[in-house]
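What follows is each chain in one-letter form.
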Amino acid sequence: MIRRREVSALEVFRAVRDRIEEVERKVNSYITLTLEAAEEAARAADDRLAAGEDPGVAAGIPLAVKDVLCTKGIRTTCGSRILENYVPVYDATVVSRLKRAGMTMMGKANMDEFAMGSSTENSAFGPTRNPWDLGRVPGGSSGGSAAAVAAGEAIWALGSDTGGSIRQPASFCGLVGLKPTYGLVSRYGLVAFASSLDQVGPITRNVRDCALLLALIAGHDPRDSTSLNVEPSDYLAALDGGVRGMRIGVPRELVQEGLTPGVRKAMERSLEIFQELGAEVEETTLPHLDYALSAYYIIAPAEASSNLARYDGVRYGLRVEGKDMLEMYGKTRAKGFGAEVKRRIMLGTYALSAGYYEAYYGQAQKIRTLIVEDFRRAFQRYDVLVSPTSPTPAFALGEKVEDPLAMYLSDVCTIPVNLAGIPAISMPCGLEDGLPVGLQIMGRVLEETTLLRVASALEVAIGFRERPKAGRGVG
Amino acid sequence: MMGDYEAVIGLEIHAELKTRSKMFCSCDASFGGEPNTKTCPVCLGLPGVLPVLNRRAVELATRLALALNCEIAPRCVFHRKNYFYPDMPKNYQISQYDLPLAVGGFLELESEEGPFRVGITRVHLEEDTGKTLHASESGRIHGSEYSLEDFNRAGVPLLEIVTEPDIRTPEQARIFMQELKSIMEHLEVSDCKMEEGSLRCDANVSLRPRGSSCLGVKTEIKNMNSFRALYRALDYEISRQRDILDSGGEIVQETRHWDADANVTTPLRTKEYAYDYRYFPEPDLVPLVLDRSFVEGVRSSLPELPAERRRRFREEYGLPAHDAALLTSSKAMGDFFEGAVSAGAPPKAVSNWMMGELSAYLNARGMEVPEVKVTPSQLAELIDLVEKGTVSVTLAKSVFQEMLESGRDPRLIVEEKGATQISDQEELERLVGAVLEENPKVVEDFRKGKEKALGFLVGQVMRRSGGRANPQMVNEILQRLLRESG
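The structure displayed is predicted, hence computed values, not measured ones.

Undergrad: Report on helix 8 (residues 292–307) of chain A, specifying residues and quantitative values.
TA: For helix 8 of chain A, with 16 residues, the first-to-last C-alpha span of 22 Å sits near the 22 Å given by 1.5 Å per residue. Buried residues dominate helix 8 of chain A, accounting for 14 of its 16 residues.

Undergrad: If you had to explain the interface of chain A and chain B to someone new, which residues and values would you point to?
TA: Listed per partner, the contact involves 39 residues of chain A and 30 residues of chain B. Carbon and sulfur atoms supply 59% of the area buried between chain A and chain B, which totals about 2,700 Å² over both sides. Three residues stand out in chain A for area buried against chain B, namely Ser 225, Arg 310 and Arg 315 of chain A, and they jointly supply 21% of the buried area on that side. Where chain A meets chain B, there are 1 salt bridge. One salt bridge in this structure joins Arg 187 of chain A and Asp 284 of chain B, with 3.0 Å as the shortest N-O distance. At the junction of chain A and chain B, the tally comes to 19 residue pairs in polar contact (both at pLDDT 80 or more). Counting residues per element, the ones that place at least two in the side of chain A that touches chain B are helix 8, helix 9 (325–336) and helix 10 (339–352) of chain A. With 5 residues, the single largest contributor to the side of chain A that touches chain B is helix 8 of chain A. A class-by-class count of the residues in the side of chain A that touches chain B yields 21 nonpolar, 10 polar and 8 charged.

Undergrad: Provide a residue-level description of the sheet that holds strand 9 (residues 384–388) of chain A, including the pertinent values.
TA: Residue and element names in this part refer to chain A. Spatially, the 11 strands line up as an open sheet ordered 1-3-2-4-6-5-10-11-9-7-8, and their pairing is mixed. Whereas interior strands pair on both sides, the edge strands pair on one side only; in this sheet they are strand 1 (30–33) and strand 8 (280–284). Neighbouring strand axes in the sheet, compared pairwise and without regard to direction, differ in orientation by 30 degrees on average. Each of strand 5 (176–179), strand 9, strand 10 (424–432) and strand 11 (435–443) touches helix 14 (residues 448–462); the most contacted strand, strand 10, lies at about 15 degrees to it.

Undergrad: A description of the packing of helix 8 of chain A against helix 11 (residues 358–381) of chain A should follow, citing residues and the corresponding values.
TA: All names here are of chain A. Helix 11 packs onto helix 8 with a crossing angle of 125 degrees between their chain directions and a minimal axis gap of 9 Å. In this view, helix 8 runs oblique relative to helix 11, as classed from their interaxial angle. In the packing of helix 8 onto helix 11, the handedness of the crossing is left-handed. For the pair helix 8 and helix 11, the contacting residues are Ala 292, Ala 295, Ile 298, Ile 299, Ala 302 and Glu 303 in the first and Tyr 360, Tyr 361, Ala 364, Gln 365, Ile 367, Arg 368 and Ile 371 in the second.

Undergrad: Account for the side chain of Thr 162 of chain A, naming residues and giving values.
TA: All names here are of chain A. Tracing the backbone shows Thr 162 in the loop between strand 4 (156–161) and helix 5 (167–172). Look at Thr 162 and you get buried, because its relative accessible area is 1%. Only 2.6 Å separates the side chain of Thr 162 from the side chain of Asp 198, close enough to count as a polar contact. Ignoring sequence-local partners within four residues, the contact set of Thr 162 consists of Phe 193, Ala 194, Leu 197, Asp 198, Tyr 296 and Asn 418.

Undergrad: Account for the domain arrangement of chain B, naming residues and giving values.
TA: Where interface size is given, it is often the accessible area lost as the parts come together that is meant. Residue and element names in this part refer to chain B. Looking at chain B, the domain boundaries give domain 1 (5–298), domain 2 (304–417) and domain 3 (425–485). In this structure, domain 1 and domain 2 have C-alpha centres spaced 34 Å apart. At the junction of the two partners, domain 1 supplies 10 residues and domain 2 supplies 11 residues. Three residues, Glu 179, Glu 185 and His 186, lead the burial of domain 1 against domain 2; their summed loss comes to 53% of the area buried on that side. Linking domain 1 with domain 2 are 2 salt bridges. Between Lys 181 and Glu 368 there is a salt bridge; the shortest N-O distance is 3.7 Å.

Undergrad: Lay out the packing of helix 1 (residues 55–67) of chain B against helix 4 (residues 292–300) of chain B in plain terms, naming residues and giving numbers.
TA: All names here are of chain B. Relative to each other, helix 1 and helix 4 sit at 65 degrees, their axes nearing to 9 Å. With respect to helix 4, the axis of helix 1 lies roughly perpendicular. The interaxial crossing formed by helix 1 with helix 4 has right-handed handedness. Of the residues in helix 4, those in contact with Val 58, Glu 59, Thr 62, Arg 63 and Leu 66 of helix 1 are Phe 294, Val 295, Val 298 and Arg 299. Within the contact of helix 1 with helix 4, the residues separate by chemical class into 5 nonpolar, 1 polar and 3 charged.

Undergrad: Can you break down the nonpolar core residue by residue, with the values?
TA: Within the largest apolar cluster, 120 residues are counted, with the highest numbers of intra-cluster contacts made by Leu 69, Phe 114, Phe 274, Phe 375 and Ile 441 of chain A. The dominant element in this core, judged by the number of residues it contributes, is helix 8 of chain A, at 9 residues. Sequence-distant contacts of Phe 375 of chain A, that is, excluding residues within four places in its chain, are made with Leu 286, Leu 289, Leu 385, Pro 416, Ala 420, Ile 422 and Met 442 of chain A. Counting residues in each nonpolar core, the second largest holds 69 residues, with Leu 68, Ala 73, Phe 78 and Phe 176 of chain B among its members.

Undergrad: I'd like to hear about the sheet that holds strand 5 (residues 92–96) of chain B, residue by residue, with values.
TA: Strand order in this open sheet of 3 strands is 5-4-15 (chain B), and the pairing throughout is antiparallel. With partners counted over all chains shown, the strands left at the sheet margins are strand 5 and strand 15 (280–281) of chain B, one partner each. Across the sheet, helix 8 of chain A is in contact with strand 4 (78–82), strand 5 and strand 15 of chain B; its angle to strand 4 of chain B comes to roughly 65 degrees.

Cut-offs used in this document
Residues numbered from 1 in each chain as written. Chains lettered and ligands numbered in written order. Predicted model: local features only at pLDDT ≥ 70, side-chain atom pairs only at ≥ 80, totals over all residues. Heavy atoms only, no water. Helix = DSSP H or I, 4+ residues; strand = E, 2+ residues; numbered from the N terminus. Expected span 1.5 Å × (residues − 1). Buried < 20%, exposed > 50% of the residue type's maximum accessible area, 1.4 Å probe, protein only. Contact = heavy atoms within 4.5 Å. Buried area = accessible area lost by both parts, 1.4 Å probe. Salt bridge = Lys/Arg side-chain N within 4 Å of Asp/Glu carboxyl O. Polar contact = N/O pair within 3.5 Å; in protein donor to acceptor, adjacent residues only side chain to side chain. Nonpolar A, V, L, I, M, F, W, Y, C, P; charged D, E, K, R; others polar. Pairing = 2+ DSSP bridges. Axes fitted to C-alpha atoms, helices over the stretch in contact; angles between N-to-C directions. Parallel < 35°, antiparallel > 145°, perpendicular 65-115°, else oblique. Left-handed = near helix turned anticlockwise from the far one by under 90°. Domains from an automatic or database assignment. Core = buried A, V, L, I, M, F, W, Y, C linked by side-chain atoms within 4.5 Å.

Structure (C-alpha cells):
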C-alpha cells in the first residue's frame, strides 16, 4: 500500500505510534522505543517515493527488533541488568540488511534475559503481557516481539529462536513465526545464548509478510563462519503451490500426554484440512525425540555458560566494585544476572566440568546426532512433519515462574527442531478458550519454501482472522 | 650418598605468527602501538561478535608443522578454553584441544656430545591474550592500586608447539630452541623475538635415576625470556631438584617462575590450584578441513631449512661443521654470510670474520644480525683490502670496529685515516733502522740465536708505524738488516 502510495509511510508510522501510546503501558512490548528515528525513516521513505525512487522493501513498515540484536548507537540490553546501559558500536548483519531495505524500527522488544525463558517474565525490565489476555504471558523468549505485532505496536518483528523462542510466542499470540535453517540467517550481532542452536527469524501477522521478511534477512555472511554459502530461495513465489500430493508426518512423540483438549482439537482440524487439500497424513515415529529436552538442557546451558563469561564488569556493562578483581567479578555477576540465567550458567558449567563432560555434554551430543538422524530418515518419507507448537495455549502470568521444569516443558515440541538445525514455522490454527493455538510445521534443511507453501495453504483454508479483543486483552 | 640422576625435560613453545591481521578478525596484528588502537568489536569480545578464521595463519602453521616432520590432521577442531582473566576479552580462549592441527613430528639435532632427537607431540593454533599493566612500582599485581588492559595483542595468532620429554640437558634445550627459532625464521612464520614475547617457552622438568624409564614428579618453569635464561633456569631447577632428592625430600608438582635477577626459580602456584578449563568444541567455527592438495602445496613451497643449509654450506663452501652450524643458527646469519660470499669474498674468510669479530660484537651488545650497520658487501670489501695487502689484519680489525659503529664503507675509513699500509721500501727501512738502534740488547739476543727476538722487533716496527707497516716487508727488511750489520 505504501509503495502504491495509497497510504504514506508517515501515516502508517503515526497510526502505529498512536497504538503504542495507547497500549504499551499495559503490554510492555518494548524495552527501548526509537520513535524519533522511526519517524525520520518513514519520512525518508515518503521522500524517496515522491522522488520516484525505490525506498526499499521494508521502508515505512514499523518493525520491532528483539533486544538481543545489536543496533549501533541504540542500547541493546538482552533483557538484562548487566547490559542495562550497553550501547553497541556496530549493527547486527540482519539489522544492516534491513537498514539497506529502508527499515523503520519502532524500538527494541522485550525478552527473557539473554533469551532464556518461555514467558518473557525473566526480563529485568518487567514482564510483557499477552495482548489477547493481559493476565497471561505472551510466550518467550521473543515475547516482546510477538506481543508488539499482536497488539498492533508493530507490523512485523524480528525474534531469535534457540529452543522455540520465535515459534512458541508466535503461537501464544496468534501469529506466524519462522525459525530458519541453522546457518540461513547470519548470527553476527545476535548476542549469543547457545551458538549452535540460535537463529534469527521473523514474527509476522501472515505468511506473506513472513516470506518477505525472511527474504530480507536470509543469505550468506562472511562474518559468520556457520552461515551457509547458498543463494536464498524465492520465498514469495513459494506461497501458492498448495499441498496436493504432499506427504505429511505426525511424530507420535510430539503428540503424547500434556496436550490440552483445545490444542489437540485444533491440530486434528488442521490435519483434516491438509487431507481435504489432497495431502497424505500419517502418524510416524522419531524415537529419540523423547530425549531431546534432556539433551537440550545440557547443550544450551553449556554453550551459554561460556558465551556469558564475557559479562564480567571489566570492559563494558554493569560493574559492581569489590576489594579485588575476583570480588568485582562475583558482585557484578550476582547483581547483573537474574535467577534463570544463573541457573543455566551453573548447569552448563557443571556439565562441562572435568569428570562430568563425557557423562553429560558427550552424551547430549550423541543424542543430538541420533535426533538429526531420526529427522533425516523421516524426511526421506515425508515432505513436512507437523505437531502442536506448544502443548498448551498461553499460560497465566506467574503460573510457572517457580517451577522451571514445567516452564521447560512448554518447549518440548519446538526444541528438537533446533537440535536438528532444520527450519520450522508456527501457524495460528484455532482458539482454545479465546486463546490462539499454533501448529508447528517442520521441514528439510533449507526447504523454507516448502514450509511457507504448506503454511500458506493452511492460512487460506482456515482463514484465521481472529484478533485480540478488548476486555481480557487490548482490543 | 649422592644419586646419579638424569633430567627429563619437555618444552612448550608459543610463537606469534607473522600474519598481517589477527587470528579471527581483520585488525593489524603487528607488535606495539598505542594501547587499544589495534582493536575491533571481534577482538574486544563485544556482545554478538563471531570469529572468522585467518587462512594465512593456517598456512603458516602448516608450514612449520611440515618442517617439524609432523603429520597434518585432515580435519581439526577449535575448542574453547574457559577461564576468567581480565586480559582475555571473552573469558575464553579459542584454542585447540584433542584434535590439533598436527601431531607426531621430530627434530634431529647435534650437540658437542653427539646427535639427539626431540619428538614433537603436537602443533596447534590459538589466539593470544591482551596485556595487563599493573599500576604499581614493581609492575606486578601485588600492591598495585589498579590495572590497565591493552588489547592490541588480543587475538594475534599463536602457534603452540609441545615437545616430547626427550631433552636431557639445558644445553640440548638451548640447541633445540635455537634450531626451532632458526627454522621459523627460514620459513618466515614468526619474528621469534623473545624479548617482545613473540617467542615464549615454558619447560617441564623432572629427574629420575639414570637408567630408569619411569618419570619423576615434574615442575613447570615459566618466564624464561631468552636462550640464556632458558639454559640457566633449567640448570638451576635441575640442581634444586637434585638437592631435594639427595636430602631425602620430595618434589612438589607446581609451576615455578624464573627470576633472572635473583637466578632462582620461585613457586607460582601448586597443583591444587589447577584450573578446569572446561574445553568444548567452539560452536562459532566449523571444523577445519585441510585437504591433501593444500598440504602438498604448502610442502612443495617450503624454502631451504637450516639443516639443509648447513649441509650445503659444508659441501658448497667447504666449511667445517662448526662454522656451518654457527652460520645457520639464524636465518639472518646465513643470509649475511651468503651475501658476503656472493660479493666475491672467500667463504672461509667471511666465516672467520663472522664467527670472530662480528659475533663478539653482537654478543657484547646483545644484538642480532639484522640490527648490524655493516652490509655483507662491505665486509667483502674489507676482506678484499686485506687479501690485496692494502691493510694489515690488525688494521682491518680496527677498521671493522668503525664500520660497525658508523656503517661507513671500509675504503673511505681507510683513506680518511690515511690508514693504508706503508709498503714504501725507504720509509720502512728508516723505521726498522730506528727500532734496531733503540733495542741493541734484543739485536744482540737475536744474533746469539734467539729467534723469538725477531717477533719482538717486528712488533716494535708495527707499533711505531701505527699498525700501518706492511708486516711481510718489515720481516724481510729486518732479517736483511740484521744479517748485514752482523
